[in-house]
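Tertiary structure, described
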Amino acid sequence: MAEFIAAVLSPTVPFIRYALIAGVISAPAFGIVGTYVVVNRISYLAGAIAHSVLAGIGLSLFLRSLAGTNWFTPFWGAFAAALVSAFVVAVVIRKGRQRSDSAISIVWALGTAIGVIFISRTRGFVDPMAYLFGNILLLSPQDLLAIVVLDLVVLVVAWGFHPQLFALSFDADFAETRNMPTQLHLTILLLLTGATVVLLVSTVGIVLVITLLTLPAATAGFFSRSLTRLMIGASLLSALATVAGVGVSYAYDLPSGAGIVLFAVTGYVVAYIISRVTGRRPATEQGTMRSNNE
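None of the values given here were measured: they were computed from a predicted structure.

Let us look at the layout of surface pockets. If you add up the space inside the largest pocket, you get close to 540 Å³. As for the largest pocket, its lining consists of 21 residues, of which Pro74, Phe75, Tyr131, Leu139 and Asp143 are closest to the centre. Elements that contribute at least two residues to the lining of the largest pocket include exactly α3 (43-67), α4 (74-95), α6 (129-132), α7 (141-160) and α10 (182-204). In terms of residue class, the lining of the largest pocket is made up of 13 nonpolar, six polar and two charged.

Right, dumping it as structure tokens:
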């Protein structure tokens, strides 16, 4: 631990600080959007969006090697793909005549396949493992700035639409009777999920996105009885898992994404055991979640 702290403070290894800053400042977005994903039970939709971002990453790498479009980084390629796939998923749910789960599976598989094709045609060596399983230690100052901007956008939009998203999460039928555009709000939620997925890809990679998006919120749900507390708890747990995972990965030369997820899973298991011993059930299962702390 002392070695890790020394590395964080050392000016010669700034990537450690970048990793910690990225994890901590992204945690509120993970916690807030992850809470909505858990409460609305749309983890499968989030998974489809997460895997489809590989298409944007692959396209970015291909264009940079072919035409030198250095401004179109994998981060922004993932962001573009996430928004497109989130919009497509929303349209499928709203208007799709085929079974929505089948259509969403197509989005999931097609995005992954397109990404693999683009990466295979990219000149030079490209390590797909860094995108599939993440490597937060490879973040650059430019990546960190992009993460800060995207994180602020997610938080502002989530805060601005909080009443509507709460109504969508807990009583969509009643919201429709009050003439609220629930389909529009679902689209906004999916777009927020897509943007958060991009932040998560930078942290844990595509394959492990769903774990860090849902487990902190699910863990906090064992001890929270209001939506606000659940979001705060999920955000704190996300930050804690990221810091601990980065520290362990640095100390023992392990993949950072896997280390972060390991701590997130451990936290959930501990919370589950405590809930079984004490007889507590997650508020999301009991249907007793409130929007505030009253």
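Still more ground to cover, so stick around.
This part covers the nonpolar core. Val53 and Leu190 are the most contacted members of the largest nonpolar core, which has 68 residues in total. With 12 residues, the single largest contributor to this core is α10.

Attention now moves to a nonpolar patch on the surface. Side chains of Val265, Val269, Tyr272, Ile273 and Val277 sit close together on the surface and give an oily, nonpolar patch of about 450 Å² of accessible area. Judged by its relative accessible area of 48%, Ile273 falls in the partly exposed class.

We now examine unusual backbone geometry. The phi torsion at Arg41 lies on the positive side, around 55 degrees, for a residue other than glycine. The phi dihedral of Asp253 is positive, around 55 degrees, even though this residue is not glycine. Tracing the sequence through the fold places Asp253 in the loop between α12 (227-252) and α13 (256-278). Classification of Asp253 by relative accessible area gives exposed; the value is 72%.

Evaluated as defined, the whole model comprises seven aromatic pairs. Their ring planes at 35 degrees and their centres at 5.6 Å tell us that Tyr44 and Trp108 sit as a pair that is tilted. Residue Tyr44 is found in helix α3, and its partner Trp108 is found in helix α5 (residues 100-120); the two are separated by 64 residues along the sequence. For Trp108, a relative accessible area of 26% corresponds to the partly exposed category. Ring geometry for Phe222 against Tyr268: centres 5.5 Å apart, planes inclined by 55 degrees, an arrangement best described as tilted. Here Phe222 is found in the loop between α11 (209-220) and α12, whereas its partner Tyr268 is found in helix α13, with 46 residues between them in sequence. Residue classification places Phe222 among the buried positions, given a relative accessible area of 3%. Exposure remark for Tyr268: the relative accessible area of 29% places this residue in the partly exposed category. In this structure an aromatic cluster arises from ring pairing among Phe222, Phe223, Tyr268 and Tyr272.

Right, let's get into the side chain of Thr187. Along the chain, Thr187 falls in helix α10. Judged by relative accessible area, Thr187 falls into the buried class, the value being 9%.

In this structure, Ala113 sits in helix α5. Separated by 61 residues in sequence, Ala113 and Ser52 have C-alpha atoms that sit 8.6 Å apart.

On to the packing of helix α2 (residues 14-40) against α11, then. In helix packing, the relevant descriptors are the interaxial angle and the interaxial distance, both defined with respect to the helix axes. In contact at an axis separation of 8 Å, α2 and α11 are set at 80 degrees when each is read in the N-to-C sense. As far as their axial angle goes, α11 and α2 are roughly perpendicular. On α11, the residues that touch Phe30, Gly34, Thr35, Val37 and Val38 of α2 are Leu212, Leu213, Thr214, Ala217 and Ala218. Broken down by class, the residue content of the contact of α2 with α11 amounts to seven nonpolar, three polar and no charged.

Calculation notes
- Residues numbered from 1 in each chain as written.
- Predicted model: local features only at pLDDT ≥ 70, side-chain atom pairs only at ≥ 80, totals over all residues.
- Heavy atoms only, no water.
- 1 Å grid on protein atoms, 1.4 Å probe; cavity = no way out; pocket = protein on both sides within 12 Å on 5 of 7 lines; lining within 4 Å.
- Points joined across faces, edges and corners; volume = space filled by probe spheres on them.
- Helix = DSSP H or I, 4+ residues; strand = E, 2+ residues; numbered from the N terminus.
- Nonpolar A, V, L, I, M, F, W, Y, C, P; charged D, E, K, R; others polar.
- Core = buried A, V, L, I, M, F, W, Y, C linked by side-chain atoms within 4.5 Å.
- Buried < 20%, exposed > 50% of the residue type's maximum accessible area, 1.4 Å probe, protein only.
- Patch = residues over 30% accessible without salt bridge, like charges linked within 9 Å, V, L, I, M, F, W, Y side chains within 5 Å.
- Areas by Shrake-Rupley, 256 points an atom, 1.4 Å probe, with all protein chains shown as cover.
- Salt bridge = Lys/Arg side-chain N within 4 Å of Asp/Glu carboxyl O.
- Phe/Tyr/Trp six-rings, centres within 6.5 Å; stacked < 30°, edge-to-face > 60°.
- Axes fitted to C-alpha atoms, helices over the stretch in contact; angles between N-to-C directions.
- Parallel < 35°, antiparallel > 145°, perpendicular 65-115°, else oblique.
- Contact = heavy atoms within 4.5 Å.

Honestly, that's just the spatial picture; any functional story needs more than this.
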